[in-house]
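Inside the fold
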Amino acid sequence: MPGKDTVRIARKQAQSMDEVVAEFIRAMKLASNVNEQIISDAWDKASGAGRWTVDRQVRGGVLYCTMSSSVVRDRLYFQREALVESVNRIAFEDPLFVKDDPKCSMIHNIILK
């Protein structure tokens, strides 16, 4: 039987692994890097041009994509608005995406180089 000096640890409410990982990402201030990777993956899925995308960077709500094919770049240029919506939708579906990160959250524009 436990004595009077025994410390009892309070039980916390059960959390899913997604919630725990998201909390860890926020606590370690990794949200911007994780968001940038999720947006990069979302670009590949939404555009189908991951094979021709040499570099991706996210700055100030703008996704900068450097393309290796001018033909692919020209075709994607006219689909930018639809691609912005698709990239955001795919990124927001990811449970690790931090929507309220000030450095990297929602894409407003895509610049193709």
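For the structure itself, consult the block above.
Description of the structure in this document. Sequence order as written defines the numbering, with residues in each chain counted from 1. In keeping with the predicted nature of the model, local features appear solely for residues at pLDDT of at least 70, side-chain atom pairs appear and are counted solely at 80 or more, and the whole-chain, interface and lining totals rest on all residues. Computation of side-chain values covers all heavy atoms of the structure but excludes hydrogens and water.

The next thing to look at is the nonpolar core. Buried residues of nine kinds, namely Ala, Val, Leu, Ile, Met, Phe, Trp, Tyr and Cys, make up a nonpolar core once their side-chain atoms join them within 4.5 Å. Working definition: with a 1.4 Å probe on protein chains only, accessible area under 20% of the residue-type maximum means buried, over 50% means exposed, and in between means partly exposed. Membership of the largest hydrophobic core comes to 21 residues, with the highest contact counts inside it found for Ile-39, Trp-43, Leu-63, Met-67, Leu-76, Ile-107 and Ile-110. Every element with two or more residues in this core is listed here: helix H2 (31-47), strand S2 (62-67), helix H3 (70-77), helix H4 (80-93) and strand S3 (109-112). Residue contacts are counted whenever heavy atoms from the two residues lie within 4.5 Å of one another. If we skip the residues at most four places from it in the chain, Trp-43 touches Gly-48, Thr-53, Arg-56, Leu-63, Cys-65, Met-67, Leu-76, Leu-83, Val-87, Ile-110 and Leu-112. Helix and strand assignments follow DSSP, with helices taken as H or I runs no shorter than four residues and strands as E runs no shorter than two, numbered in order from the N terminus.

Moving on: H4. Note on helix geometry: an α-helix contains 3.6 residues per turn, so any two residues three or four positions apart are oriented the same way. Expected helix span is computed as 1.5 Å times (number of residues minus one). A rise of 1.5 Å per residue sets the reference length of H4, with its 14 residues, at 20 Å; its end C-alpha atoms lie 20 Å apart and thus fit the reference within 8%. Among all positions of H4, only Leu-83, Val-84, Ser-86, Val-87, Asn-88, Ile-90 and Ala-91 are buried. Lining the buried residues of H4 we find H2, H3 and S3.

The next subject is the pattern of salt bridges. Salt bridges, as used here, are contacts in which a Lys or Arg side-chain nitrogen is within 4 Å of a carboxyl oxygen on Asp or Glu. Overall, the coordinates contain two salt bridges when judged by the stated rule. The salt bridge involving Arg-56 is made with Asp-44; its shortest N-O contact spans 2.8 Å. Of the two residues, Arg-56 sits in strand S1 (residues 53-59) while Asp-44 sits in helix H2, which places them twelve residues apart along the sequence. Here Asp-44 falls in the partly exposed class, since its relative accessible area comes to 27%. Glu-93 serves as the salt-bridge partner of Arg-89, at 3.9 Å between the closest nitrogen and oxygen. Taken together, the residues Arg-89 and Glu-93, both in helix H4 and four residues apart, mark about one turn of the helix. Classification of Arg-89 by relative accessible area gives partly exposed; the value is 46%. Take Glu-93: its relative accessible area is 57%, and that puts it in the exposed class.

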